[in-house]
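Secondary and tertiary structure notes
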Amino acid sequence: MKVVDLFCGCGGLTLGFMTAGFEVVAGFDFWDDAIAVYKENFSHPVIKQDLMNVEESAEKIRAYEPEIIIGGPPCQDFSSAGKRNENNGRGDLTVSYAKIISAVRPAWFVMENVERIKKTQKLADAIAIYKSAGYGLTSVVLDASLCGVPQKRKRFVMIGKLGEEDGFMDSQLAEKLSKKPMTVADYFGGKLDIKYYYRHPRSYVRRGIFSVDEPSPTIRGVNRPMPEGYKLRPNDPVQSKEGVRPLTTKERSMIQTFPEDFVFIGSKTNQEQMIGNAVPVNLGKFIAQTMINYMKNEEIKNNFFSDNLTSVMAIA
């Protein structure tokens, strides 16, 4: 099935769907630095496009005849790391995404965002557009550490299918979740030379040191060194700061489950930002594989009813 990735960034969701076996035919984004990285890693086209311009975007996307549109509209206006003001402008892109889906009308769509989007009017507006266009919706908050990602990253995922009932994929998503969170050590094996690492906290009342024997906290768009004056917190899992360091840019990308040979270019600041913004590759793969399982089950069900109908008609 042909897939187009909107707000594709450096390509986490793209790579997840490709790894699951889908054919991604194009990516769309507006950030030059992320587009440059995308070009380094994929052979299909990536188009610079202001996706706020719904009519122009829909026309360009239609040319690729997508059966599935996937995307993660910018989440900064909803994020706990941001100002939590859905009217700052970027939140409007969630509504633009819905309008593009409604205009192009692919058989399926996937939208990923932060968990807090559930409380916003922008999501309610987007849902109204999807429903008017005839999409059945499945919505879920997924913990990435239960989806093959060594990271405690909770993300809202909405899957839409034309002509379906709401909740059509709830059971498949729940059944596929791992029973045990994936730790950093589970994922890296012996590749890491550290037992503990520093991740800069949003507030100094929180801990900043983590063990590889637990899932990583959410990979954010900044990666700061440990301040010389950092004082150990009661829940830091160490007695001393000796040997504790931040993760490297490459290690952070691998916690986002980009493969080790994935090429990042540009300034360190931009690389860190696009890694933090990305959908973890294995989370994208988890979503894609669940969709494939659903499609296979529906095909089996349809074939069963078709065969039985043929038998009944033959007897009659």
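These notes cover the structure that comes with them. (Residues numbered from 1 in each chain as written. Predicted model: local features only at pLDDT ≥ 70, side-chain atom pairs only at ≥ 80, totals over all residues. Heavy atoms only, no water.)

A few words now on the pattern of salt bridges. Summed over the entire model, instances satisfying the criterion amount to 15 salt bridges. Among the salt bridges present, the one from E56 reaches K60, with a minimum N-O distance of 3.9 Å. With E56 and K60 both in helix α3 (residues 54-62), this residue pair falls 4 residues apart, about one helical turn. E56 sits in the partly exposed class, given a relative accessible area of 37%. Put simply, K195 and D213 hold a salt bridge, and the shortest N to O gap is 2.3 Å. A residue pair is termed long-range when its members are at least 10 positions apart, and K195 in the loop between α7 (184-188) and β9 (196-198) and D213 in the loop between β10 (209-211) and β11 (216-217) qualify at 18 residues. On the basis of relative accessibility, which here comes to 45%, the residue D213 falls in the partly exposed class. What you see here is one network of salt bridges that share partners, running through D193, R245 and E251. (Salt bridge = Lys/Arg side-chain N within 4 Å of Asp/Glu carboxyl O. Helix = DSSP H or I, 4+ residues; strand = E, 2+ residues; numbered from the N terminus. Buried < 20%, exposed > 50% of the residue type's maximum accessible area, 1.4 Å probe, protein only.)

Attention now moves to empty space enclosed by the protein. It is the rolling of a water-molecule-sized probe over the atoms that shows where space remains empty. According to the stated counting rule, one finds 1 cavity of 30 Å³ or more in the structure shown. Its boundaries defined by the atoms lining it, the largest cavity holds a volume of some 120 Å³. Grouping the constituent residues of the lining of the largest cavity by class yields 5 nonpolar, 4 polar and 4 charged. (1 Å grid on protein atoms, 1.4 Å probe; cavity = no way out; pocket = protein on both sides within 12 Å on 5 of 7 lines; lining within 4 Å. Points joined across faces, edges and corners; volume = space filled by probe spheres on them. Nonpolar A, V, L, I, M, F, W, Y, C, P; charged D, E, K, R; others polar.)

Right, let's talk about the sheet that holds β10 for a bit. Taken in spatial order, the 3 strands make up an open sheet running β10-β9-β12, and their pairing is mixed. Strands at the two margins of the open sheet, each flanked by one partner only, are β10 and β12 (245-246). (Pairing = 2+ DSSP bridges.)

Centre distance and the angle of the planes are the two values used to describe a pair of aromatic rings. In the structure shown here, the tally under the stated rule is 16 aromatic pairs. Judged by centre distance (4.1 Å) and plane angle (20 degrees), the ring pair of F109 and Y130 falls under stacked. Of this pair, F109 sits in strand β5 (residues 108-114) while Y130 sits in helix α5 (residues 121-132), and the two are 21 residues apart along the sequence. Residue F109 is classed as buried on the basis of its relative accessible area, which comes to 0%. Looking at Y130, the relative accessible area reads 1%, which means it is buried. For the ring pair Y198 and Y230, a centre distance of 5.4 Å and an interplane angle of 75 degrees mean the geometry is edge-to-face. (Phe/Tyr/Trp six-rings, centres within 6.5 Å; stacked < 30°, edge-to-face > 60°.)

So, on to the packing of helix α4 (residues 92-104) against α5. Interhelical geometry of α4 versus α5 gives an angle of 5 degrees and a closest axis separation of 8 Å. One element, α4, and the other, α5, form an angle in the roughly parallel class. Counted together, D92, T94, V95, Y97, A98, K99, I101 and S102 of α4 and K122, D125, A126, I129 and Y130 of α5 form the full contact between these two elements. Residue composition of the contact of α4 with α5, by class: 7 nonpolar, 2 polar and 4 charged. (Axes fitted to C-alpha atoms, helices over the stretch in contact; angles between N-to-C directions. Parallel < 35°, antiparallel > 145°, perpendicular 65-115°, else oblique. Contact = heavy atoms within 4.5 Å.)

By themselves these figures say nothing about function.
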